[in-house]
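Fold and geometry: a report
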2 protein chains.
Amino acid sequence: MAAQKRGRRSFCFTRQPVIRAWASVAGKKESEGPLQPYFDYTNQDTYFGEATWEKAECRMQQLALEILLQKAGQREADIDLVFSGDLLNQCISSSFALRNTGLPALGLYGACSTMAESLLLGSLAVSGEFANQVVAMTSSHFASSERQYRYPLGYGGQRTPTAQWTVTGSGAVLLASSGTGPRVEAATVGTIVDMGITDANNMGAAMAPAAMDTIQAHLQDLGRTPADYDLIVTGDLGDLGREILLDQFRKAGVNLSGRYNDCGVLIFDLQEQDVHAGGSGCGCSAIVLCGFLLEQLRRGVWKRILFCGTGALLSPTSTQQGESIPGVCHAVSICGEGK
Amino acid sequence: MAAQKRGRRSFCFTRQPVIRAWASVAGKKESEGPLQPYFDYTNQDTYFGEATWEKAECRMQQLALEILLQKAGQREADIDLVFSGDLLNQCISSSFALRNTGLPALGLYGACSTMAESLLLGSLAVSGEFANQVVAMTSSHFASSERQYRYPLGYGGQRTPTAQWTVTGSGAVLLASSGTGPRVEAATVGTIVDMGITDANNMGAAMAPAAMDTIQAHLQDLGRTPADYDLIVTGDLGDLGREILLDQFRKAGVNLSGRYNDCGVLIFDLQEQDVHAGGSGCGCSAIVLCGFLLEQLRRGVWKRILFCGTGALLSPTSTQQGESIPGVCHAVSICGEGK
């Protein structure tokens, strides 16, 4: 009975998917940040050579997929499944990036948790023996997000100190049933948590309770403690959400400090890059994972990390209709090659 | 190596998930159509007692879930996973329907193919031994769709003869690792096919090529012919898309007639209900499945059907930017209890 299930919400993969390759594509501001050396491709043109920002975002996913396959020495025909999604209405970056490629495609919506959600579902497909090679992929773009969620960019709207900066980037991983690389060994599915936060410029506060809920469920379902991980990394609570999460864990008697960080904090230099509370967007945790985090695992700097994708499940319509902001967090445990 | 995989894009489930229960919630127009006797709950109020149409759509999903659990004699705590999605920007009906329920939730975006996509992924979770009980669920609402995709309803925009009518409804199924009921035995993942159709009022033509592609892949991957199914049912090509599909199969030398139909055609009386080319929306194939189709399988009228959810992966933004309309189709093969 459900041999790969642990507790209420977690999986323990009996055939651990190998992350054979990863690829990241990043924009101008991201290329000026501390993780620049880890990106496979950067472009100073916010349009990536396309006519609109939405098409630029789609182009980024195409580039991430191309580079991924190149790095892995695989062709599109070798891929059994693609899981992808993004923030744009009707997830058009993901759908248009895959059209007429012949790639079997399953669309996701998990807001900024999409990298973790796609990794989790891709791992389920490989470990369940439904696929040999799966791509998990997502993207976001500062300009396409701003105009969809907030103001036209030309309006020059003021940003509050709690606001986060949507990352321009796309990340992709190749999960496989064999080969070498970091391995996905366990995962925990999020529940949708809404603590009544209504400020759409304070996503960190809206998402922190979901992150806490999932990390606690993960540790409980698998009988682990934070010490079982070299790093627990959320994406993307930003600076403020990160502090809220640390504070809440402290109150619960759990000390995360020293082994906790957030992709929205790692991606930018918060003092120098004028991004207020840090990075956000599906692309943020995606390009932090598909570069910096996986590279550290490959090099043996860390043995095991818990990658916790966080998403705020609001829309401009829900905000206009007076709704508060539900959050979700999916967690994926990834081991280094050696372990 | 991938024991549950067949061919490039198909799965053959070694532990066939049982559809233990299903539930459907429908609006006024749907309750006046030919499938009225199969709906669990109908409401003549387009607001379902809520303040807005978006909240009404969310309420429909909550009702479908409640009725589903009641029919199955299960509590929320007995459910391991929910796969759901919808058409609204950022899938707010699905996310808000599940907030603070404690249900582990994975969000999907497959446009009108979501019922099939959620059924496929739920089956993968059960057959892969990741979950014992999974809910697959979706919804759509005529009024929330019209104002998001087309015109404000008060404007009274004219509809073209090729336009389809978005169904107001929500459907949910309970997939389980044991019990009795129809069984999911195989599935085929769609690829994203774009044949250059640019008329956003002619979704049937845009989606028919994706349906053809997936049905052909399904038959090829599993070494079957249409005669292996009592019914092949797309959702939702409408009247026009249905004719295009039949015509294309005829040209390919495959005779589907007599064993093919479409959910968008089944849901309404096309002569009497003024819905032009038929029904559409995630809710259309969902409530045709979670009532009429599953009931016929339960009664033994049919032994095996191929349920092919079709989705048009456009957005108003992609249309405004001059893009054509990509389609996708995911197919799920369901057997009656006896077989």
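Please read all numbers here as calculations on a predicted model, not as lab measurements.

What counts and how
- Residues numbered from 1 in each chain as written.
- Chains lettered and ligands numbered in written order.
- Predicted model: local features only at pLDDT ≥ 70, side-chain atom pairs only at ≥ 80, totals over all residues.
- Heavy atoms only, no water.
- Contact = heavy atoms within 4.5 Å.
- Buried area = accessible area lost by both parts, 1.4 Å probe.
- Salt bridge = Lys/Arg side-chain N within 4 Å of Asp/Glu carboxyl O.
- Polar contact = N/O pair within 3.5 Å; in protein donor to acceptor, adjacent residues only side chain to side chain.
- Helix = DSSP H or I, 4+ residues; strand = E, 2+ residues; numbered from the N terminus.
- Nonpolar A, V, L, I, M, F, W, Y, C, P; charged D, E, K, R; others polar.
- pLDDT = per-residue confidence, 0-100.
- Least-squares fit on C-alpha atoms with pLDDT ≥ 70 in both.
- Phe/Tyr/Trp six-rings, centres within 6.5 Å; stacked < 30°, edge-to-face > 60°.
- Buried < 20%, exposed > 50% of the residue type's maximum accessible area, 1.4 Å probe, protein only.
- Lys NZ or Arg CZ within 6 Å of the ring centre and 35° of its normal.

Between chain B and chain A, the contact holds 69 residues from the first and 69 residues from the second. Here chain B and chain A share an interface that buries about 5700 Å² over both sides, 57% of which is from carbon and sulfur atoms. Area buried by chain B at its contact with chain A is led by R8(B), Q90(B) and F130(B), which between them contribute 15% of it. Summed over the shared surface of chain B and chain A, the number is eight salt bridges. Taken together, chain B and chain A are joined by 41 residue pairs in polar contact (both at pLDDT 80 or more). Looking at the side of chain B that touches chain A, the elements with two or more residues in it are helix 2 (53-72), strand 5 (81-86), helix 3 (92-98), strand 6 (105-107), helix 4 (114-127), helix 5 (142-149) and helix 10 (316-320) of chain B. Counting residues per element, the side of chain B that touches chain A draws most heavily on helix 4 of chain B, which supplies six residues. For the side of chain B that touches chain A, the class distribution of residues is 35 nonpolar, 21 polar and 13 charged.

Overall, the predicted model of chain A reaches an average pLDDT of 96, with 99% of residues at or above 70. Scoring of the predicted complex yields 0.98 for pTM and 0.98 for ipTM.

With that out of the way, let us pick up the relation of the copies chain B and chain A. Superposing chain B onto chain A requires a rotation of 180° together with a translation of 0.0 Å along the rotation axis, leaving an RMSD of 0.0 Å. In the structure described here, the two chain copies are related by an operation that fits a two-fold rotation axis. Mapped onto chain A, 100% of the interface residues of chain B again fall at the interface, so both copies present the same surface.

A separate point is the side chain of S144(A). All names here are of chain A. Residue position: S144 is located in helix 5 (residues 142-149). Side-chain polar atoms of S144 contact the side chain of E57, separated by 2.8 Å. There is a polar contact of 3.3 Å between the side chain of S144 and the backbone oxygen of H141. Setting aside its immediate chain neighbours within four residues, S144 contacts W53, E54, E57 and L88.

A separate point is the packing of aromatic side chains. Across all of its chains, the model carries 18 aromatic pairs over all chains by this definition. Where F11(A) meets F13(A), the ring centres are 6.3 Å apart and the plane angle is 55°; that geometry is what we call tilted. Across the pair, F13(A) and F11(A) agree in class, each one buried. Geometrically, the ring pair formed by Y41(A) and F48(A) is tilted, given 6.5 Å between the ring centres and 40° between the ring planes. Under the relative-accessibility criterion, Y41(A) is labelled partly exposed at 30%. By relative accessible area, F48(A) is classed as buried at 7%. Grouping aromatic residues by their ring pairs yields a cluster made of F11(A), F13(A) and F130(B). One residue, R304(A), lies across the ring of Y229(A), its end atom 5.3 Å from the ring centre. Over the aromatic face of W165(B) sits the side chain of K29(B), whose NZ or CZ is 4.2 Å from the ring centroid.

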